[in-house]
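# Remarks on the overall topology
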Amino acid sequence: MTDVIVVGAGVVGIATALQLRQAGLDVLLLDSGAPAAGTSSGNAGAFAVSEVLPLAEPGVLRKVPGWMLDPLGPLAVRWRHLPGLLPWLARFVAASRPSRVSALSRQLAGLLGRVNGDVAALLGDAPPAGMWRRWGALAVYPDEASLRRDLPRWEERGRLGVRWEACDPRRVEREEPALRMPWRHAVAIPDWSHVDDPYLFSLGLFERFTAAGGRFRQEAVAELTGPDGAVDGVRLASGEALRAGNVIVTAGVWSDRQARQVGQRLPLESERGYNLTLPKAGLTLRRYLLNAAESFVILPMANGGLRLAGTVELASRDAAPDFRRSHILLDKAQAMLGPLDTTGMTAWMGNRPSVPDTVPVIGPSASRRNLYFATGHGHLGLTLAATTGALLRDHLTGGAPVPEALWPTRY
Ligand SMILES: Cc1cc2nc3c(=O)[nH]c(=O)nc-3n(C[C@H](O)[C@H](O)[C@H](O)COP(=O)(O)OP(=O)(O)OC[C@H]3O[C@@H](n4cnc5c(N)ncnc54)[C@H](O)[C@@H]3O)c2cc1C
């Protein structure tokens with residue numbers, strides 16, 4: 001019998017499976033598709049360690065009407081999805097109470113504060129370690145007034161342990177000469193890091209997993225199996241039953257299907273995000289760039305490529321993408337960096353698996369023994385993948401238990 005079945009080979013499932021295998025367990029990773037081919041393939045490649053503030057902030061309710069009215073705004077809600085979204089939105093608004101925000105911020109800071117150590121321990125010197133770039137990031141602003149308006153948020157992040165520094169225009173020009181006027185006001189985030197290509201990075205981890213004796217099968221899981229009170233394996237869509245000592249569900253935004261099957265409530269919604277990848281943009285950046293006001297980031301890829309990514313669209317996970325959301329990022333990036341070569345440009349949409357209180361769900365099921373969930377990573381799936389795997393490895397191998405505040409029992 002397999003020690004652990006991991007359902008879902010996105011970056012969270014792969015990083016978890018790899019660390020369990022490295023701890024000596026027999027691990028079978030299952031995915032209905034190819035490894036790392038879903039949301040984890042097209043993200044913005046950042047280890048976003050400064051994102052310690054939850055998405056729901058005090059006063060968020062006042063912003064909802066604006067999200068409804070501008071379908072191309074940085075955060076948009078599709079009207080047709082609104083009735084189904086209401087329970088999630090209600091929890092989102094509840095999470096924006098000041099007392100909740102400060103508790104959630106502390107939890108996020110606890111997780112994000114250990115990310116660089118967990119990634120370093122996971123990667124060591126072997127591939128894909130070479131594409132982990134610890135260059136830091138610049139959060140840029142078009143004028144001093146907008147930087148000043150955002151300073152209270154940076155001060156709050158600082159109180160939670162994030163290192164940051166406001167930069168004057170001369171320093172910004174030195175740190176990232178590619179930035180055009182007026183984008184010369186910035187906050188430097190030295191502990192931020194990124195990978196050249198999140199798909200190749202996740203695939204590199206997957207290759208490490210199989211080289212270490214981990215097993216993978218490209219099969220869809222139809223259901224969890226087991227007598228009352230426990231899970232003892234999974235049944236595949238083909239009908240085949242597979243037995244395991246433990247099952248970990250890392251199926252991204254689709255994890256709620258397995259949860260429902262065992263009576264577990266997981267408030268998961270898709271925060272859909274878009275990218276525009278310019279493989280020959282013709283610009284080599286020295287820093288990862290964040291445009292907070294317009295809600296997108298710029299990832300320096302290998303060989304002068306750039307990926308523009310971000311925005312949030314609350315819509316059904318199965319609705320057709322609106323690629324205008326990708327293409328509007330081009331004008332915004334060109335305003336910051338000047339003309340970019342669009343040869344070979346591609347647009348992409350992915351489903352961020354998001355819970356209303358931003359903190360991911362990691363830990364044992366409330367209703368079944370031997371069943372675990374690791375999902376709801378939202379904007380931070382790549383960032384927190386190594387940490388999630390380390391937490392579950394320690395929990396399952398009798399080291400430290402996963403902190404209860406992260407468990408699905410909180411819903
Ligand atoms: C535009 C955009 C930019 C982003 N930028 C960043 C960033 O810079 N940094 C960051 O940290 N995060 C970022 N994210 C978020 C990040 O991509 C996600 O949080 C992360 O990919 C989630 O990983 P996952 O492994 O949980 O899910 P997924 O990658 O979605 O993987 C889940 C897997 O489960 C499989 N699966 C589902 N159901 C079944 C089943 N029944 N049987 C078998 N397999 C199943 C699916 O096929 C899929 O492969 C971004 C997201 C978007 C959309």
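Our subject is the structure that appears above.
Residues numbered from 1 in each chain as written. Predicted model: local features only at pLDDT ≥ 70, side-chain atom pairs only at ≥ 80, totals over all residues.

Turning next to the overall build of the chain. The number of helices and strands found in the chain is 11 helices and 20 strands. For the chain, whose C-alpha radius of gyration is 21 Å, the value lies close to the compact-globule estimate of 22 Å for 411 residues. Each principal axis of the C-alpha atoms in the chain carries an extent, and together these give about 65 × 45 × 40 Å. Evaluated residue by residue, the chain yields a buried proportion of 49% over its 411 residues. Within the chain, counting contacts between residues at least 6 apart in sequence, those at least 24 apart form 75% of the total. (Helix = DSSP H or I, 4+ residues; strand = E, 2+ residues; numbered from the N terminus. Rg over C-alpha atoms; globule rule 2.2 N^0.38 Å. Buried ≥ 20, exposed ≤ 12 C-beta atoms within 10 Å, placed from the backbone. Contact = placed C-beta atoms within 7 Å.)

This part is about unusual backbone geometry. Following P127, the chain continues to P128 via a peptide bond in cis, the omega torsion being 5°. Structurally, P128 can be placed in the loop between α5 (115-123) and β5 (132-133). Along the chain, M181 connects to P182 via a cis peptide bond; the corresponding omega equals 0°. The topology assignment puts P182 in the loop between α7 (169-175) and β8 (185-189). Residues other than glycine seldom take positive phi values, yet N303 does so here, at roughly 55°. Its location among the elements puts N303 in the loop between β16 (296-300) and β17 (306-314). One non-glycine residue, N370, adopts positive backbone phi at about 65°. Relative to the helices and strands, N370 is located in the loop between β19 (361-364) and β20 (371-375). Owing to 20 C-beta atoms within 10 Å, N370 belongs among the buried residues under this scheme.

Every one of the 41 residues lining the ligand counts as a neighbour, but G8, G10, G252, G273 and G381 are closest to it. Secondary-structure elements contributing two or more residues to the shell around the ligand are α1 (11-22), β2 (27-31), β14 (269-278), β17, β18 (346-354) and α11 (381-396). In terms of residue class, the shell around the ligand is made up of 17 nonpolar, 22 polar and 2 charged. (Near = placed C-beta within 6 Å. Nonpolar A, V, L, I, M, F, W, Y, C, P; charged D, E, K, R; others polar.)

On to the packing of α1 against helix α8 (residues 198-211). Two elements in contact, α1 and α8, have axes separated by 9 Å at closest approach and are oriented at 30°. One finds that α1 runs roughly parallel with respect to α8. The two elements α1 and α8 cross, and the hand of that crossing is left-handed. Contact residues: V11, I14, A15, A17, L18 and R21 in α1; S202, L205, F206, R208 and F209 in α8. Of the residues assigned to the contact of α1 with α8, the class counts are 8 nonpolar, 1 polar and 2 charged. (Axes fitted to C-alpha atoms, helices over the stretch in contact; angles between N-to-C directions. Parallel < 35°, antiparallel > 145°, perpendicular 65-115°, else oblique. Left-handed = near helix turned anticlockwise from the far one by under 90°.)

This part takes up α5. Taken residue by residue, α5 has V115, D118, V119 and L122 as its buried positions. Down the axis of α5, the sector holding all buried residues measures 100°, keeping them to one side. The inward-facing, buried residues of α5 abut α1, β3 (46-47), α4 (98-112), β5 and α11. Looking at the residues trailing α5, positive phi occurs at G124, about 55°. (Arc of directions from axis to C-beta.)

Below, the discussion takes up α8. Helix length check: α8, at 14 residues, gives a terminal C-alpha distance of 20 Å against a target of 20 Å (1.5 Å per residue), a fit within 8%. Within the span of α8, buried status applies to P198, F201, S202, L203, G204, L205, F206, R208 and F209. Residues of α8 that are buried sit in contact with α1, β2, β9 (193-195) and α11. (Expected span 1.5 Å × (residues − 1).)

Generally speaking, soluble globular proteins have nonpolar side chains that are buried together. Counting residues in each nonpolar core, the largest one holds 109 residues, and the members touching the most others are V7, I14, V140, V247 and V297. If you tally residues by element for this core, the top one is α11, at 8 residues. Non-local contacts of V7, meaning those with residues more than four positions away in its chain, are made with L30, V221, V234, V247, I248, V249, T250, A251 and Q258. Among the nonpolar cores identified, the runner-up in size contains 5 residues, and A76, V77, L314 and A315 belong to it. (Core = buried A, V, L, I, M, F, W, Y, C linked by C-beta atoms within 7 Å.)

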